[in-house]
Structure formats: C-alpha cells, structure tokens
Amino acid sequence: MAQDDVFKKIVAHAKEYGFVFQSSEIYDGLAAVYDYGQNGVELKNNIKRYWWESMTLLHENIVGIDSAIFMHPTIWKASGHVDAFNDPLIDNRDSKKRYRADVLIEEQLAKFDEKIEKEVAKARKRFGESFDEELYKKTNPRVTELVAKRDALHDRFSKALNDNNLDELRQIILDEEIVCPISGTRNWTEVRQFNLMFKTEMGSTADGAMTVFLRPETAQGIFVNYLNVQKTGRMRIPFGIAQIGKAFRNEIVARQFIFRMREFEQMEMQFFVRPGSEMEWFRYWKEWRLRWHKALGMGDEKYRYHDHDKLAHYANAATDIEFEMPFGFKEVEGIHSRTNFDLSQHEKFSGKKIQYFDPELNESYTPYVIETSIGVDRMFLSVLCSSYEEQELEGGDKRVVLHLPAPLAPVKCAVLPLVKKDGLPEAAREIVNDLKFDFTTHYEEKDTIGKRYRRQDAIGTPFCITVDHQTLEDGTVTLRERDSMEQTRVAASELHRIISQKVSINSLLRKLG
Ligand code: ATP
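Residues numbered from 1 in each chain as written. Predicted model: local features only at pLDDT ≥ 70, side-chain atom pairs only at ≥ 80, totals over all residues. Heavy atoms only, no water.

Peer 1: Looking at this structure, I do not really get the overall build of the protein chain. What am I missing?
Peer 2: Of the regular secondary structure elements, the protein chain holds 18 helices and 23 strands. A compact globule built from 513 residues would reach a C-alpha radius of gyration of about 24 Å, and the protein chain, at 26 Å, matches this within 12%. Element-wise, carbon and sulfur atoms account for 49% of the exposed surface of the protein chain, whose accessible area totals about 25,100 Å². Each charge class in the protein chain was averaged separately, 73 positive and 82 negative side chains, and the resulting centres sit 2 Å apart. (Helix = DSSP H or I, 4+ residues; strand = E, 2+ residues; numbered from the N terminus. Rg over C-alpha atoms; globule rule 2.2 N^0.38 Å. Areas by Shrake-Rupley, 256 points an atom, 1.4 Å probe, with all protein chains shown as cover. Lys, Arg positive; Asp, Glu negative; His and termini not counted. Charge placed at Lys NZ, Arg CZ, Asp CG, Glu CD.)

Quick look at the structure:
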C-alpha cells in the first residue's frame, strides 16, 4: 500500500477509535487544531508520564515546574522571539496557496535523497552479499551525479539561510523549478518573513491593555524561574528543570495531521552546566534521549540524528532526533546547546543578576544550557504510525491492530464474560474490581467474543481476559495476548502479576537504568 494511503488510514483510525478529533468539528473545524478523545488522552498522558518520570525520578538533579502560559512581554523581546521568530513564506499567485520557502527546498533535497536511495536499493538487490554501498556511491556515475547536485543545493540553501537572504531563497526555488503542488505553476511571489507568535490583550482596553503573547515554547518559563528554583531547591550545578505544557505557533504550513499544529504541547528540560563543559553534556543528552526513544521498542532503525546546518543565533551545537513517519524521516525532538544566551539576555533586560556561585571553583558565572525539547503530539504521532497494522489472518479474516508499547496503551486489559448469563458477568466484575486500582480496565459483554477481541486490538489493548464456565469451577481464565493472539489458561489470582510485568511504566524506566 502506498505510504500516503497508510497515513490516511491512520488518521481515519485515530478518529474512529476516539484518539484524535478535529477541533470544532461540528463547525467545520479549525485548521491545525486538534482535540484528543477518550483513548487519545490516555495515550498522551502515558507518554507524558514516561517522559516526566524518566527526567525527575531517574535524575536526582532534575526537578519540574509548571509555569504560566502568559508571561511578561519583555521576555519575548529578550529571548529574540519578537525580532527573529520568523518563517520565510512564499505564495503561489495562481493557487493563492502559501508555503514555507525553506520547507519547499527541504522537500526538493529529500527528493534527491529518495532517488539516491532507490539507485542504491536496486544495486543492493543486483549484487547481493558482495555489495559495497560506500564504493558504489563513490563510483556509479548516475549516483555521483545525483549526490553532487544534492550537495550543491544543500550548500546553497544553508548559505542562504545563514545569511538570511530571502532573495536567494526565492532564486533557489526558481532555479530548481519547484512547482506549487496545487496549481502546478512556478508563478511565485517574493519571500517574506512572518512572525509566528500569537498576540492577545491583557486587561481592559480602557486601562490601556497590554499586548501579551501566547508562549511559542515552554523553555522561557524555565529560564525566568532559574533563580527561584536554584535558590529554593538549593540546586547545585549541573542541574536541570523540566516542564510539560502547551505552546502556540501561528504555523503557515499546517499539514500532516498532528505533526504541525497551531496549539501543541512540549516536554522540555533545560540542563544548567558549567561553561566549557557544555559539549560533554550535549553528547550525554543526545545519547540519553535516543535511548529513551529506543526503550519503547518501536524499532531502532526508525530513528536517526540530524545535525543542524543552520544554528540558531544562540546555539553552538544542535541536533534533531528524527523518526520515520509514513511521510519520511521527520523531527520529533531537538537537542540544543544554547550557551548562556537566554540567561544573559534575561539578566540584561530585567536588570536582575542571574548568576551561579560555584563553591568548587569559588567564582560566579552565568550557567550554560543544554536543552532537550520534544513535542508530545509528534511523539504521539510516531507511536501511532509505528503501531498501526492491517493483518491478514488465517482463514481469510482481517484485523486492524495497534501494536502500542504496552506501558503506553490507553487500556491495559479488557475483561470479557463469554456469555451474559450463568454468573459469568458477576465473576468477570470481580476480576475488574481487583485489577482496576492498578490498570485501566475495560469490561465488555456485548457482541461475540471475536468482535470484542477486534475492538480491543484496534485500540491496542495488550491483554484480553475471558471468563467462562470453567472459571466458576477452578478460578482460571483465558488470557489472550494482543500481538501473538496466543491464548493461555492462567489462574485469575496470577493476572495482576502477569499484566503488571508487561504494562508498567516502571519496566521502561528500568531499561534506562
Ligand atoms: P519544525 O522545524 O518542525 O518547525 P522546530 O525546529 O521549530 O520544528 P523546536 O522549536 O525545536 O521545533 O521545538 C521542539 C519540538 O516541539 C519539535 O521537535 C517538535 O516535536 C515540537 N513542535 C514544534 N513545533 C510544532 C508544531 N507546530 N506542532 C507540533 N509540534 C511541534
């Protein structure tokens, strides 16, 4: 099945099974804003819990905060967002559609990568075992030509971005003959800068209301609380502050479902370190964060790092962790070495001294910062995409199953009486009453057992427990495992232990040590 079709099916599945709904749907929706349904909110909460506990339980020098969305407007002046939080946009005059100029060029680069990968894949098939990929890429004329073109475009693009050269960005789009996917034409406007922050008014206009911004990242709430937390928590460097919360960006190109939203959620951690030690910590967090992702068991080959060509004005190193979505490898998380830029700026703009006295060095300095920043919604999308499978079963039957990492699954187990009589519902209820304190447990008695299994597969429930007449005699039940569909007979008294081993977030945390 084409990847586009797979993605459409995933989006439809997310709606049909109560994971994600379009915001304001009965009013025809609001673009790039989404609501999470009954199963979505559970999955999302489990993702947040995994992140939060991995930060605050596993690191004794990381604490959390929850800062307000509204902040003093000068904060955004100090952080550079008022002046520089822009995207370069370009319009197609025929379709009247607006695009991000940098994204159009990145897509063109990705096309080169795809072509190169196709050639390599063909050759790999032809040469089999003896295939030397590096040698082939260096010597095959068709591939070397593609690589040279890609690299030249890449260099030109990086330079234009670094120089903030909007005319050059437009020229690249023209030279590469990039067309608008809607109109198919190359009738492009100039490239302009567009600020992504949402504004609103605080206080009544009669008093002279103040313009405030909806925060475009949660990080600044951490920086402006650095002193509060350091002093009241008696924190010693190196230490970190973690936060989960909403962020808002007036994205120009809002496509691909919850990948790019105008209201979304971030999980950010700022780690304050001694100046000069930032590269060591950057490497530490880069490695640690990838381990966090891989511990979910969604496939190590689905992740890759992407080091940044264009560093933000405040950064001295940056990398993304990308995940293979149905529409290609895409950024899920950023790890940035932000130097002492943010704290120094807030010191300058607030006039307050923001420093750390290091008792070991016997000197004061402005700490350097390593940031890890991940979008909850993108993480959610990566989990959903890698879990979705349409399976052909023996006997021509089909099922749609979500192979969710068990600790993230919205429902952990479903208890199903085989029939609605003979005391089976009562016995099943007893089991629910035992399990519900530790696991999200569903009770279902409607429809055939096969249909009930399918419904649980479709929302990714790791275990189904079937209660039958034998249960009344010997206290055993049938335990069905979602992925293998294997059924085993176990004592009801064993259920808690068996389920817990598989579904607890604890088991994930233990993998990280
Ligand atoms: P992009 O290049 O895709 O716009 P970014 O580099 O601007 O992302 P950051 O500012 O580094 O993103 O934000 C950190 C994380 O927040 C991203 O890795 C992503 O997971 C998430 N994120 C950023 N913008 C959005 C958005 N519009 N919708 C959903 N998640 C987002």
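Peer 1: Is there a simple way to explain the pattern of salt bridges in this structure?
Peer 2: Pairs can form between side chains of opposite charge whenever their charged atoms are close. Under the definition given, this model contains 43 salt bridges. The shortest N-O distance in the salt bridge between Arg150 and Asp151 comes to 3.5 Å. Accessibility expressed as a relative area gives 36% for Asp151, which makes it partly exposed. (Salt bridge = Lys/Arg side-chain N within 4 Å of Asp/Glu carboxyl O. Buried < 20%, exposed > 50% of the residue type's maximum accessible area, 1.4 Å probe, protein only.)

Peer 1: What is the right way to read the nonpolar core from this model?
Peer 2: Nonpolar side chains tend to gather and get buried jointly when the protein is soluble and globular. Formed by 64 residues in total, the largest nonpolar core has its most connected members in Val20, Tyr50, Trp51, Ile258, Trp285, Phe380 and Leu381. Looking at this core, the element that brings in the most residues is helix α13 (residues 376-387), giving seven residues. Leave out the neighbours within four places in its chain, and Trp285 touches Met55, His59, Ile62, Met269, Phe271, Ile335, Ile370 and Thr372. In terms of nonpolar packing, the next biggest core, distinct from the first, is built from 26 residues, Tyr99, Ala123, Phe131 and Ile172 among them. (Core = buried A, V, L, I, M, F, W, Y, C linked by side-chain atoms within 4.5 Å. Contact = heavy atoms within 4.5 Å.)

Peer 1: It is not clear to me how the site of the ligand should be interpreted in this structure. Could you clarify?
Peer 2: Around the ligand sit 16 residues, and of these Glu251, Arg260, Met261, Glu331 and Val332 come closest. A distance of 3.0 Å separates an oxygen atom of the ligand from a polar atom in the side chain of Arg249. The side chain of Gln266 places a nitrogen or oxygen atom 3.3 Å from an oxygen atom of the ligand. Relative to its free-state accessible area of 590 Å², the ligand is covered by the protein chains to the extent of 85%. The element best represented in the shell around the ligand is strand β13 (residues 328-337), accounting for five residues. Residues belonging to the shell around the ligand are distributed by class as follows: four nonpolar, five polar and seven charged. (Near = heavy atom within 4 Å. Polar contact = N/O pair within 3.5 Å; in protein donor to acceptor, adjacent residues only side chain to side chain. Nonpolar A, V, L, I, M, F, W, Y, C, P; charged D, E, K, R; others polar.)

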